[in-house]
Amino acid sequence: MAAFAEFFAGIGLVREAIEPLGWRCVFANDIAPGKAEMYRTRFGFRHFVVDDVNNLTVDQLPADIDLVTASFPCIDLSLAGNRAGLAGEHSGTVWPFLKLLAARCRCAAAPAAVLLENVTGFLSSRGGKDLAEVCRFLAKLGYAIDLAVVDARWFTPQSRPRLFAMAVRREDAASRWPLSAGAPSRVRPRRVRDFQQANPGLPFVELPLPEPPSRAPNRLSSILEDLSADDERWWPDEQTKVLLHNMAPRHRQRVAGLLDGQRDGVATLYRRRRHDRTVGEVRDDEIAGCLRTPQGGSSVQFLVDCRGGKPRIRPLTGREYARLQGAEQFPIHVGDRQARMGFGDAVCVPAVRWLTEHAFGHVLGTIAWQDPQMALFEQAPAHAAGG
Ligand SMILES: C[S@@+](CC[C@H](N)C(=O)[O-])C[C@H]1O[C@@H](n2cnc3c(N)ncnc32)[C@H](O)[C@@H]1O
């Protein structure tokens, strides 16, 4: 069994995703005790170090590690944040992680693979310089890099596009996959290709990712809990009326559509402040918006439920958050607020499982190797990055 170490482990949804593939967790780290507690109820505390990544030292890492994962904080890279990029206090924690990896590569066998996950804003942060610096750092450690955008909506009813940087040893990559950058595709869309073209000196590789599913097998209505009509989480009628009254006409029309039975009679809603008023924005594409960590209240996602003939509103529950992240079986022994905190900035389990299975199957020896090399060479553009 191959071993992995997960940094920025949170509640452990990377582990949830990849353990069933045959990966064994030998180290986990996160700074947040509340998340660590949720992790512990699911996986136990063996190997988990609750500490600031800045404080970790290379001798804390176990001897054999084949894969290192890091879904580091997105605050400074997301549109909603301050766009400080990797100079920011939060997203900048990728640097102590990478320095630890570098120290590890110097004093022991380098892990065969590295997986970084963040928002797609990472591609454009500081005009692409942040991602280029990270890729250059990995390249100096001897890795070739593939980039993919994978959206949770292909697996669960949640819109959650995320950028994954997958690094593999260059000696492995050269013998298996061409170091190249090809045509845009669903997982490597135009903005990934643009980034690769803007950085032709970086050692890019194309790992054998197949075409992802076109959409999730289930709909928003299927992940909802059945709360009784007198559950106190439903908003009082008056509060619902005020929000509906303050809605922009097109959002009110969407609620009217729900009352007519469209979208199974349910949709999700975010509250936003507009001109000193709280307004509600309803989604009209039958899936939930991107889950976030509720800080300050405005990023809690709500359900608008019109199945009973009148609009009712409540926050999505912790269990519903878990389902939207594809973590149906995850035990939840904390309240809704802490659960939303944990699942809100976690990864989508089936998305990470799908990606890891195909990107790093060669480490486990599970990839059905069909020599895609020739096909990829045929697609490779003139500027194919230097290997
Ligand atoms: C995007 S979340 C990762 C979630 C995780 N992949 C999961 O599935 O739950 C980023 C994580 O980084 C952690 N974090 C933030 N600053 C940190 C630091 N200085 N050291 C270690 N972990 C940190 C946060 O507590 C949070 O859990």
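Residues numbered from 1 in each chain as written. Predicted model: local features only at pLDDT ≥ 70, side-chain atom pairs only at ≥ 80, totals over all residues. Heavy atoms only, no water.

A.B. asks: Hey, could you run me through the overall build of the protein chain in this one?
C.D. replies: A tally of helices and strands in the protein chain yields 14 helices and eleven strands. Rg of the C-alpha trace for the protein chain: 22 Å, near the compact-globule value of 21 Å for 387 residues, within the 12% margin. Viewed in the frame of its principal axes, the protein chain has a C-alpha envelope of about 65 × 45 × 40 Å. Evaluated residue by residue, the protein chain yields a buried proportion of 55% over its 387 residues. Put simply, 69% of the contacts in the protein chain that link residues at least 6 apart link residues at least 24 apart. Summed over its atoms, the accessible surface of the protein chain is roughly 16,500 Å², and 49% of this surface lies on carbon and sulfur atoms. A distance of 4 Å separates the average location of the 49 positive side-chain charges in the protein chain from that of its 44 negative side-chain charges. (Helix = DSSP H or I, 4+ residues; strand = E, 2+ residues; numbered from the N terminus. Rg over C-alpha atoms; globule rule 2.2 N^0.38 Å. Buried < 20%, exposed > 50% of the residue type's maximum accessible area, 1.4 Å probe, protein only. Contact = heavy atoms within 4.5 Å. Areas by Shrake-Rupley, 256 points an atom, 1.4 Å probe, with all protein chains shown as cover. Lys, Arg positive; Asp, Glu negative; His and termini not counted. Charge placed at Lys NZ, Arg CZ, Asp CG, Glu CD.)

A.B. asks: Before we go on, may I ask you to explain the pattern of salt bridges in this structure?
C.D. replies: Opposite charge on two side chains allows them to pair when their charged atoms are near. All chains considered together, the criterion is met by 25 salt bridges. Ionic pairing is found between Glu37 and Arg40, a salt bridge with its closest N-O pair at 2.7 Å. Highlighted residues: Glu37 and Arg40, both in helix H2 (residues 33–43), separated by three residues, approximately one helical turn. Judged by relative accessible area, Glu37 falls into the partly exposed class, the value being 33%. We classify Arg40 as partly exposed; its relative accessible area is 35%. Glu281 is the salt-bridge partner of Arg272, the closest N and O atoms lying 2.6 Å from each other. Exposure remark for Arg272: the relative accessible area of 26% places this residue in the partly exposed category. Using a relative accessible area of 22% as the deciding quantity, one classes Glu281 as partly exposed. Taken together, the salt bridges that share partners define one network made up of Asp146, Arg188, Arg193 and Glu206. (Salt bridge = Lys/Arg side-chain N within 4 Å of Asp/Glu carboxyl O.)

A.B. asks: Honestly, the sheet that holds strand S10 (residues 302–305) in this entry has me stumped. Any pointers?
C.D. replies: What holds strands together in a sheet is hydrogen bonding between their backbones, with the strands either parallel or antiparallel. Across the sheet, four strands lie side by side as S9-S8-S10-S11; this open sheet has antiparallel pairing. Whereas interior strands pair on both sides, the edge strands pair on one side only; in this sheet they are strand S9 (277–282) and strand S11 (312–315). Adjacent strand axes in the sheet meet at a mean angle of 35°, parallel and antiparallel pairs treated alike. Note: strand S8 (residues 266–274) against S10, four bridges, orientation antiparallel. If you follow Leu269 over to S10, its bridge partner there is Phe302. Most of the contacts of helix H8 (residues 237–246) go to S9, to which it runs at about 80°, and overall it touches S8, S9 and S11. Helix H9 (residues 249–259) contacts S8, S9 and S10 of the sheet and is inclined by roughly 50° relative to S9. (Pairing = 2+ DSSP bridges. Axes fitted to C-alpha atoms, helices over the stretch in contact; angles between N-to-C directions.)

A.B. asks: Help me understand the site of the ligand in this model?
C.D. replies: Not every one of the 20 residues close to the ligand is listed here, only the nearest: Ile11, Asp30, Asp52, Val53 and Ser71. In the model, a nitrogen atom of the ligand is placed 3.0 Å from a nitrogen or oxygen of the Asp52 side chain. Between Val53 and the ligand, the recorded distance is 2.8 Å, taken from a backbone N or O atom to a nitrogen atom. Relative to its unbound accessible surface of 590 Å², the ligand loses 91% to contact with the protein. (Near = heavy atom within 4 Å. Polar contact = N/O pair within 3.5 Å; in protein donor to acceptor, adjacent residues only side chain to side chain.)

A.B. asks: Teacher, can you tell me more about the nonpolar core here?
C.D. replies: Proteins that are soluble and globular tend to have nonpolar side chains buried together. In terms of nonpolar packing, the biggest core is built from 75 residues, with Leu13, Val150, Met166, Phe343, Leu355 and Phe360 touching the most fellow members. Here this core takes six residues from helix H12 (residues 349–359), the largest share from any one element. Split by domain, the residues of this core number at least three in each of domain 1 (2–216 + 347–379) and domain 2 (226–316). Setting aside anything within four residues of it in sequence, one finds Leu355 in contact with Leu115, Ala148, Val150, Phe164, Met166, Leu209 and Phe360. Judged by nonpolar contacts, the second largest core, of 45 residues, contains Phe7, Val26, Phe27 and Ala70. (Core = buried A, V, L, I, M, F, W, Y, C linked by side-chain atoms within 4.5 Å. Domains from an automatic or database assignment.)

A.B. asks: What should I look at first to understand the domain arrangement of the protein chain in this one?
C.D. replies: Frequently, the measure chosen for interface size is the accessible area that the parts lose on association. Each assigned domain of the protein chain is listed with its residue range as follows: domain 1 (2–216 + 347–379) and domain 2 (226–316). Taken together, the contact pairs seven residues of domain 1 with eight residues of domain 2. With both chains or domains summed, domain 1 and domain 2 bury close to 610 Å², and 48% of this area falls on carbon and sulfur atoms. Broken down residue by residue, the surface that domain 1 buries against domain 2 is led by Pro157, Gln158 and Ser159, which jointly contribute 55%. Where domain 1 packs against domain 2, one counts one salt bridge. Note that Asp285 is salt-bridged to Arg153, the shortest N-O span being 3.5 Å. Across the contact surface, domain 1 and domain 2 share five residue pairs in polar contact (both at pLDDT 80 or more). When the residues that make up the side of domain 1 that touches domain 2 are grouped by side-chain class, the tally is one nonpolar, two polar and four charged. (Buried area = accessible area lost by both parts, 1.4 Å probe. Nonpolar A, V, L, I, M, F, W, Y, C, P; charged D, E, K, R; others polar.)

A.B. asks: It is not clear to me how the packing of aromatic side chains should be interpreted in this structure. Could you clarify?
C.D. replies: According to the stated counting rule, one finds 14 aromatic pairs in the structure shown. Between Phe8 and Phe97, the aromatic rings sit 6.4 Å apart at their centres with planes inclined by 70°, giving edge-to-face as the arrangement. With Phe8 in the loop between strand S1 (2–7) and helix H1 (13–18) and Phe97 in helix H3 (residues 94–107), this pair connects stretches of sequence that are 89 residues apart. Accessibility expressed as a relative area gives 13% for Phe8, which makes it buried. Judged by relative accessible area, Phe97 falls into the buried class, the value being 1%. Connected via pairs of aromatic rings, a cluster forms that spans Phe7, Phe8, Phe27, Phe72, Phe97 and Phe122. Here the guanidinium or amino end of Arg186 rests over the ring plane of Trp154, the centre of that ring lying 4.6 Å away. (Phe/Tyr/Trp six-rings, centres within 6.5 Å; stacked < 30°, edge-to-face > 60°. Lys NZ or Arg CZ within 6 Å of the ring centre and 35° of its normal.)

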